[in-house]
Amino acid sequence: MPKFPFLKNKETENKSKVFIPSRRDFLKISTLASGGFLLGVNFQCSGPKGELVTFAPNVFISIDSDNQVTIIAHRSEMGTGIRTSLPMIVADELGADWEKVKIVQAEGNEEKYGDQNTDGSYSVRMFYEPMRKAGATARYMLIAAAAEKWGIDASDCHTEKGQVLSSGGKKINFGDLVEGLKDKEMPDEASITLKEFSSYKLIGKDIAIYDNKDIATGKAIFGADVDLPNMQVAVVRRSPVVGAKVISYNDEKALAIPGVNSVHKIEGAGIPPGLDKPLEGVAVIADNTWAAMKGRDALEIEWDLGENQQYSSAKQLDEMLKSTTGNGQVRRERGNFNSARQGAGQVLERTYLAPFYAHATLEPPAAIADFREDGTCEIWAPTQHPQWARQAVADAMQMDLDNIKMNVTLLGGGFGRKSKPDFVVEAAILSKAAKSPVRVQWTREDDLHHDFFHAQSAQRIRATLDKNGNFSGWNHHTVFPAIGATASATELHPSSGELELGCIDFPFEVPNIRIETHESKAHTRIGWLRSVSNIHHAFAISCMLDEIAEAKKMDPVDFILSILAENKDLDLSDEIKSDFGNYGEPLEKFPWNTKRLRGVIEKVALEADWKKMVSEGKAVGFAVHKSFLTYVACIVEVTKGNNGQIIIPSVHYAVDCGIGVNTDRIKSQFEGGAQFATSLAMTSAITLENGKVQQNNFDGYQIIRMPQSPKKIHVHIMESMEKPTGVGEPPVPPYIPALCNAIYKLTGERIYQLPFKA
Amino acid sequence: MEKYTITVNGKKQEVTASEDMPLLWVLRDLLSMKGTKFGCGQALCGACTVLVGDEATRSCSLPISAVGNQNITTIEGLSQNGDHPLQKAWVEHIVPQCGYCQTGQIMNAAALLKSNPSPSEAEIESAMAGNLCRCGTYNRIKDAILTASKS
Ligand code: FES
Ligand code: FES
């Protein structure tokens, strides 16, 4: 069962078994993650491997008598650097020699490692504390052993670079203490003091990723790179329209292609398609990828296309937009918007449209399964959520979890796509059918046609200024097919979890607020893409705020500061018609603090020299948006090139993510986020006609190329001692409206639809 | 199915393949050289870039029958110990995020530096425009190429 705290939906809890975690469940996991599991795992000294003795105080650390320190990375590496950042934390507390630490990727196993769902920008947030404790526990034990040996007090010792050192100048390698740790007790958790921030050697610094050189030399292993003896390759023709069923197929021509060995049907779920199930399809299994692709092309399949064959995304978007003129389901209410509207001196009403987006990870989905005669199955997959993948395979094949081993490779990009285990299940089904190891290889066309798309959206915002010109009312209508609809066809409104992503958590001081949703159906698979519905919500909200500032003849930065409380912990629970999930964290632990939002606004304006840029007539745009508990403000500058093309000379970000663990990876996430968001804003869109996706490859679904990238991306990290929060997704939301607002300054045209052509 | 002898990283390799099999799959599936990546199969992303002679070539779109006796260099053969100036610069700038596009980026950049040892920023941008990076490492790639070009 996947755990996606931000998708909790109060209204429909329990209805959709698949993706909505109960809050209790989530809390259980976070308590586990916040230290419980450290005690849950027995202290052990594993027996000798030859002469080697290993000390493994918890599941994350082992120290060999030859001084090798190994740290387990239990979260998936898809480009955020998490495979480096969490082990770094352990190593820093332990006092290991970072240059010599070995990092090993954990297999998917919830009992052993706790939550491994690498999603929602919460790896660092959830595991900063537990990883420190894991490292510190081992440090305590090593120090105790050394102190005992030297007959001195433990408080006279510390660790550094893989050694215990005494204040009197004694030194001993970790490895030399291993043997003596055999019958030692785990220290009581309460007795452990974590290091002071100032004494960290790794945390808070720019640290290179562990796989840096392996990647640059082509040695890094991604999903499709795993090779097994006698492995065959499968390429699948999947239902062209979601819900389509195979009536019959003819595999004669496919089987005639040299290298093609067999053809198998995969049963799909129909409608709803499910978040963890394969689509209906016919698989061609061959000696190599090329033969399988050619075999797939030669298949003749008769489809019953089903109820989605008439679907047009353009038509639906029109209907969605029209629906926003009426009254919707009220999801948050403060004051009385209608009276604000009646008494208004000015009403601004704008609409915003955004398309379906595909993840288009550069590595298309691929997975390898080896289903063996003894009924066990071993899998290698680039999965963000190995535990869900393991469970989905168990469900699909009616197997015991214990009989499935889920190995995690590097991911060639994830962005939410590789949370879904459909492609992993395909591999397992086909390995069993083919009685050999099988790699399922998706092509780019498969990836774009059969993604779990970011939903298209229509929004209407009405803003009122009272007779004195004060910002008095905010009425936001949002409509988009819900992620939940992929699992349960009766879901017609966005979940409260999806609205908390930048919509009902609208933080500004406006006396009258009404936020409404409208119905829309999903006719394709909907999933989550890097920052999820924050993408379209931030676009609409921050573009509208820019217009309000203009109507009030105010500088946009000054305007935002004028409607934001000085220093307040927001509590919107009386206004929101559902529990406020706060990305799965209690507000007491992670308050919604307006001072921190002001902090990033002021910082970005200062660093970019906003006032000067404005006074010099530069086309600059600004936006601020908190998501995934991280506060981000952004300033984008645009100009026109010789051929009239848009050039983005500079981007400035200010980010408050609490303590910055690996500052280089924070910067790289923001650099990448700006580039990713440029694609969303300017080049990418998925459309469907007759139920079929119309884009086939990177010519139709375009992502930006080097010449289109912002030239300089400056990332200003706020100094903070607050608890760390994630940075994978937060760079995306404010960038798009900041860019749109800059484009308006350049061209005089407001942007109301993504992607825009300027 | 035909027998072909091709030269990869200075070594002669014999393979049996259908004549239309792209070099990419020959490398990956028949020779088990996994450094060259599959991203689009249509010469649109550059993930599969290798050198044919000194030219950057999209191996997904080059059939084995067209390779002949030209010398093919893949990421595995770019340098002995991963110490090509571009690889060193890549490590120094910590270019990769997910890393999937990077071998193609490096091979494309290697061809660029062979034909133009000190490219301007604009020349880098246009020479690298065929290589997609979904994670958004373009700026660091550019910086790394500039660094390598100065070494
Ligand atoms: S895989 Fe060859 S260019 Fe994309
Ligand atoms: S680093 Fe991920 S695609 Fe380039």
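Just so you know, these numbers come straight off a predicted model, no measurement behind them. (Residues numbered from 1 in each chain as written. Chains lettered and ligands numbered in written order. Predicted model: local features only at pLDDT ≥ 70, side-chain atom pairs only at ≥ 80, totals over all residues. Heavy atoms only, no water.)

(A) Focus on the overall build of chain A. Counting its secondary structure elements, chain A contains 20 helices and 30 strands. Rg of the C-alpha trace for chain A: 27 Å, near the compact-globule value of 27 Å for 758 residues, within the 12% margin. When the backbone C-alpha atoms are referred to their principal axes, chain A occupies close to 80 × 75 × 55 Å. When burial is assessed residue by residue, chain A has 66% of its 758 residues classed as buried. In chain A, 78% of the contacts between residues at least 6 apart in sequence involve partners at least 24 apart. When the accessible area of chain A is evaluated, it comes to approximately 26200 Å², of which 47% is carbon and sulfur surface. (Helix = DSSP H or I, 4+ residues; strand = E, 2+ residues; numbered from the N terminus. Rg over C-alpha atoms; globule rule 2.2 N^0.38 Å. Buried < 20%, exposed > 50% of the residue type's maximum accessible area, 1.4 Å probe, protein only. Contact = heavy atoms within 4.5 Å. Areas by Shrake-Rupley, 256 points an atom, 1.4 Å probe, with all protein chains shown as cover.)

(B) Highlighting the nonpolar core. All names here are of chain A. Residues Trp474 and Leu545 are the most contacted members of the largest nonpolar core, which totals 199 residues. Beyond its immediate sequence surroundings of up to four residues, leucine 545 is in contact with Phe471, Trp474, Phe506, Phe508, Phe559, Ile560 and Ile563. Counting 51 residues, the second largest nonpolar core, distinct from the first, contains Ile63, Ile71, Val124 and Ile203. (Core = buried A, V, L, I, M, F, W, Y, C linked by side-chain atoms within 4.5 Å.)

(C) Region of the structure containing the layout of surface pockets. Residues and elements named next belong to chain A. Put simply, the largest pocket is a space of about 480 Å³. Considering the residues around the largest pocket, the lining is formed by 22 residues, among which Asp92, Gly95, Thr159, Lys195 and Lys201 are closest to the centre. The greatest single-element share of the lining of the largest pocket, amounting to four residues, is contributed by strand 6 (residues 157-160). Counted by class, the lining of the largest pocket contains eight nonpolar, five polar and nine charged residues. (1 Å grid on protein atoms, 1.4 Å probe; cavity = no way out; pocket = protein on both sides within 12 Å on 5 of 7 lines; lining within 4 Å. Points joined across faces, edges and corners; volume = space filled by probe spheres on them. Nonpolar A, V, L, I, M, F, W, Y, C, P; charged D, E, K, R; others polar.)

(D) The arrangement of the domain arrangement of chain B in detail. All names here are of chain B. Domain boundaries assigned for chain B yield domain 1 (2-77) and domain 2 (85-150). Taking only C-alpha atoms into account, the centre of domain 1 sits 21 Å from that of domain 2. Each partner contributes to the interface: domain 1 provides 17 residues, whereas domain 2 provides 12 residues. Taken over both partners, the interface formed by domain 1 and domain 2 buries close to 1200 Å², and the fraction arising from carbon and sulfur atoms is 60%. Aspartate 54 is the partner of lysine 114 in a salt bridge, and the nearest nitrogen-oxygen pair spans 3.7 Å. The interface formed by domain 1 and domain 2 holds six residue pairs in polar contact (both at pLDDT 80 or more) in total. Counting only elements with at least two residues in the side of domain 1 that touches domain 2, the list comes to strand 3 (49-52) and strand 4 (55-58). (Domains from an automatic or database assignment. Buried area = accessible area lost by both parts, 1.4 Å probe. Salt bridge = Lys/Arg side-chain N within 4 Å of Asp/Glu carboxyl O. Polar contact = N/O pair within 3.5 Å; in protein donor to acceptor, adjacent residues only side chain to side chain.)

(E) Representation of the sheet that holds strand 21 (residues 471-479) of chain A within the structure. Residues and elements named next belong to chain A. Strand order in this open sheet of five strands is 14-22-21-20-15, and the pairing throughout is mixed. Of all strands in the sheet, those bounded by a partner on one side alone are strand 14 (329-334) and strand 15 (344-354). On average, each strand axis in the sheet is inclined to that of its neighbour by 10 degrees, with strand direction left out of account. As paired strands, strand 14 and strand 22 (residues 512-517) are joined by five bridges and run antiparallel to one another. (Pairing = 2+ DSSP bridges. Axes fitted to C-alpha atoms, helices over the stretch in contact; angles between N-to-C directions.)

(F) Spatial organisation of empty space enclosed by the protein. All names here are of chain A. Counted by the stated rule, this structure contains 14 cavities of 30 Å³ or more. Estimated volume of the largest cavity: approximately 490 Å³. Along the walls of the largest cavity sit 33 residues, with Thr80, Ser121, Gln669, Val727 and Gly728 positioned nearest its centre. Those elements that place two or more of their residues in the lining of the largest cavity are helix 2 (82-94), helix 4 (123-150) and helix 19 (663-682). Top contributing element to the lining of the largest cavity by residue count: helix 19, with three residues. Split into classes, the residues belonging to the lining of the largest cavity amount to 12 nonpolar, 17 polar and four charged. Put simply, the second largest cavity is a space of about 210 Å³. As for the second largest cavity, its lining consists of 21 residues, of which Phe508, Ile541, Ser542, Leu545 and Val624 are closest to the centre. Counting only elements with at least two residues in the lining of the second largest cavity, the list comes to helix 15 (534-551), helix 16 (556-562) and strand 25 (619-627). It is helix 15 that provides the largest number of residues to the lining of the second largest cavity, a total of six residues. Residues that form the lining of the second largest cavity fall into these classes: 15 nonpolar, three polar and three charged.

(G) Summary view of the pattern of salt bridges. Residues and elements named next belong to chain A. For the structure shown, the criterion picks out 55 salt bridges over all chains. Aspartate 97 serves as the salt-bridge partner of lysine 100, at 3.4 Å between the closest nitrogen and oxygen. You can call aspartate 97 buried: its relative accessible area is 15%. The salt bridge involving glutamate 607 is made with lysine 603; its shortest N-O contact spans 2.9 Å.

(H) Layout of the interface of chain A and chain B. Every contact between the two is made by 64 residues of chain A and, on the other side, 53 residues of chain B. Of the roughly 4700 Å² buried between chain A and chain B, counting both surfaces, carbon and sulfur atoms make up 57%. For chain A, the biggest contributors to the area lost against chain B are A:Trp290, A:Leu362 and A:Met706; these three give 17% of the whole. Summed over the shared surface of chain A and chain B, the result is eight salt bridges. Among the elements of the structure, helix 6 (212-216), helix 8 (289-298), strand 19 (438-441), helix 13 (444-449), helix 19 and strand 30 (712-717) of chain A are those that each provide at least two residues to the side of chain A that touches chain B. Ranked by residues supplied to the side of chain A that touches chain B, first place goes to helix 19 of chain A with 10 residues. For the side of chain A that touches chain B, the residue count by class is 28 nonpolar, 19 polar and 17 charged.

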